Amino acid sequence: MINFTRTDAELLDDTLAAALNRVCQAIDWDYGEVWIPNREGTILEISPIWYGHQSRSYDRLDALEKFKICSENFILCIDEGLPGRIWRSRKTEWIDDVSIESENYFLRNQIAKAFTIKAGFGFPVFRDHKIIAIFVFFTDYACEENHYLVQLAVSAATLLSQQPGPIGHKLE
């Protein structure tokens, strides 16, 4: 049976939050979120953990929080939406401007338009060759892929997958 013990879930949340914070500060983007595979490994669910860059205006932080709230209703299958495609490919993906993509490609494009979400990218976080999370980031301007920024983000999150201890699902 696969399940979380309370201690393991708290440790995972704390570790993910610290890593997300570290990445967002390193890349100086507006927003970061975490998607987690369910216990059965069949769907991705958005975590309550998110990051809104604290140096942004009150109005911008309010818009980011609303984007997060609207995103909470999404549950993704493999290959569905940006996090689902990352889950399938096990690779980083970048979108220059999510607000101009079709809803078939970027499911939250109408929400992105409403809250000025533009460029976005994400990458998988591994533990023992298994994806334990998908990190996704957005900013308020469109831009082409920046390989240096992606590498910086991945490097800032690398400590997560290297931490000893029971991170992820525990077999009992």
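1. Comments concerning the pattern of salt bridges
Think of it this way: side chains of opposite charge can pair up when their charged atoms draw near.
Here's step 1: Going through the model one piece at a time under the given rule, you end up with 8 salt bridges.
Here's step 2: Of the charged contacts in the structure, one is a salt bridge between Arg 60 and Asp 30, with a shortest N-O distance of 3.0 Å. Taken together, the residues span a long stretch of sequence, with Arg 60 in helix α2 (residues 58–71) and Asp 30 in the loop between α1 (6–27) and β2 (31–37) at a distance of 30 residues.
Here's step 3: Residue class for Asp 30 comes out buried when judged on its relative accessible area of 1%.
Here's step 4: Between Glu 93 and Arg 85 there is a salt bridge, with its nearest N and O atoms 2.8 Å apart. The two residues Glu 93 and Arg 85 agree in class, both being buried.
Here's step 5: Connected via shared salt-bridge partners are Asp 28, Asp 30, Arg 56 and Arg 60.

2. Details of the packing of aromatic side chains
Working definition: an aromatic ring pair is given by the centre-to-centre distance plus the angle between the planes.
Here's step 1: Applying the stated criterion across every chain yields a total of 13 aromatic pairs.
Here's step 2: Judged by centre distance (5.8 Å) and plane angle (35°), the ring pair of Tyr 31 and Trp 50 falls under tilted. Of this pair, Tyr 31 sits in strand β2 while Trp 50 sits in strand β3 (residues 43–52), and the two are 19 residues apart along the sequence.
Here's step 3: Given the relative accessible area of 0%, Tyr 31 is considered buried.
Here's step 4: Ring pairs connect the aromatic residues Trp 29, Trp 94, Phe 121, Phe 123, Phe 135, Phe 137 and Tyr 141, which therefore count as one cluster.
Here's step 5: Over the ring of Tyr 105 we find Arg 85; its NZ or CZ atom is 3.9 Å from the centre of that ring.

3. Points about the sheet that holds strand β7 (residues 130–138)
Here's step 1: As summarised here, the arrangement of the 6 strands in space is β4-β3-β2-β7-β6-β5, forming an open sheet in which the pairing is antiparallel. Each edge of the open sheet carries a strand with a single partner, namely β4 (75–77) and β5 (93–95). Averaged over all pairs of adjacent strands, the angle between their axes in this sheet comes to 25°, without regard to strand direction.
Here's step 2: As paired elements, β2 and β7 share 5 bridges and run antiparallel to each other. Counted as the bridge partner of Tyr 31 is Phe 138 from β7.

About the cut-offs
- Within every chain, residues take consecutive numbers counted from 1 along the sequence as written.
- In keeping with the model being predicted, local features are shown solely for residues with a pLDDT of at least 70 and side-chain atom pairs are shown and tallied solely at 80 or more, while totals for entire chains, interfaces and linings include all residues.
- Heavy atoms throughout the structure, all of them, feed into the side-chain values; hydrogens and water do not.
- Within this document, salt bridges are pairs made up of a side-chain nitrogen of Lys or Arg and a carboxyl oxygen of Asp or Glu, the two lying within 4 Å of each other.
- Only DSSP runs of H or I reaching four residues or more are called helices, and only runs of E reaching two or more are called strands; each is numbered from the N terminus.
- Exposed residues in this analysis have more than 50% of their type's maximum accessible area, buried residues have under 20%, and partly exposed residues fall in between, with area computed by a 1.4 Å probe over protein chains only.
- Ring pairs shown here join Phe, Tyr and Trp side chains whose ring centres sit within 6.5 Å, with only the six-membered ring taken for Trp; geometry is labelled stacked below 30 degrees between planes, edge-to-face above 60, and tilted in between.
- In our convention, an over-ring charge means Lys NZ or Arg CZ found within 6 Å of a ring centre and within 35 degrees of that ring's normal.
- The pairing criterion is simple: DSSP has to find at least two bridges between the two strands.
- Every angle, taken between N-to-C directions, lies between 0 and 180 degrees, and every axis is a line fitted to C-alpha atoms, over only the stretch in contact when it is a helix.

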